[in-house]
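A closer look at the structure
Given next are the chains, with one letter for each unit.
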Amino acid sequence: MKTTLMVCSGEPEVIWNAFRMGNLMLEQMDDVTMFLNGPAVEYATLASERFPLGELAKVFTLSEGVLLA
């Protein structure tokens, strides 16, 4: 299945959950594209110990997910 996730929020928890969902879908052999829009584009600056956005983004892209910003 081909899926596109669109994230428009600057809330770290929302972005974190989108990456978690994307990674889960990639594990199930789905094709996933994630489009970051608005404040979500700056996900790297929103990362924290509680929401390791950089690590999840790295796993997403290394798992052949397509990340567009």
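Check the entry above for the structure.
Residues numbered from 1 in each chain as written. Predicted model: local features only at pLDDT ≥ 70, side-chain atom pairs only at ≥ 80, totals over all residues. Heavy atoms only, no water.

1. Points about helix α1 (residues 12-27)
With 16 residues, α1 should reach 22 Å at 1.5 Å per residue; the first-to-last C-alpha distance of 23 Å fits that figure. Where α1 is concerned, the buried positions are Ile15, Ala18, Phe19, Gly22, Asn23, Met25 and Leu26. The buried residues of α1 occupy one face: seen down the axis, they fall within an arc of 160°. Contacts made by the buried residues of α1 are with β1 (2-7), β2 (31-36), α2 (43-46), α3 (53-62) and β3 (66-68). Count one or two residues on from α1 and you reach Met29, which has phi positive near 70°. (Helix = DSSP H or I, 4+ residues; strand = E, 2+ residues; numbered from the N terminus. Expected span 1.5 Å × (residues − 1). Buried < 20%, exposed > 50% of the residue type's maximum accessible area, 1.4 Å probe, protein only. Arc of directions from axis to C-beta. Contact = heavy atoms within 4.5 Å.)

2. Here's the deal with the side chain of Asn23
Note that Asn23 resides in helix α1. Residues in contact with Asn23, not counting those within four places in the same chain, are Leu56, Val59 and Phe60.

3. A word on the sheet that holds β1
As summarised here, the arrangement of the three strands in space is β1-β2-β3, forming an open sheet in which the pairing is parallel. Among the strands making up the open sheet, the edge pair consists of β1 and β3. When the angles between neighbouring strand axes are averaged without regard to direction, this sheet yields 15°. Two strands pair when backbone bridges link them, and β2 and β3 are joined in this way by three bridges, in the parallel orientation. The residue of β3 that forms the bridge with Met34 is Leu67. (Pairing = 2+ DSSP bridges. Axes fitted to C-alpha atoms, helices over the stretch in contact; angles between N-to-C directions.)

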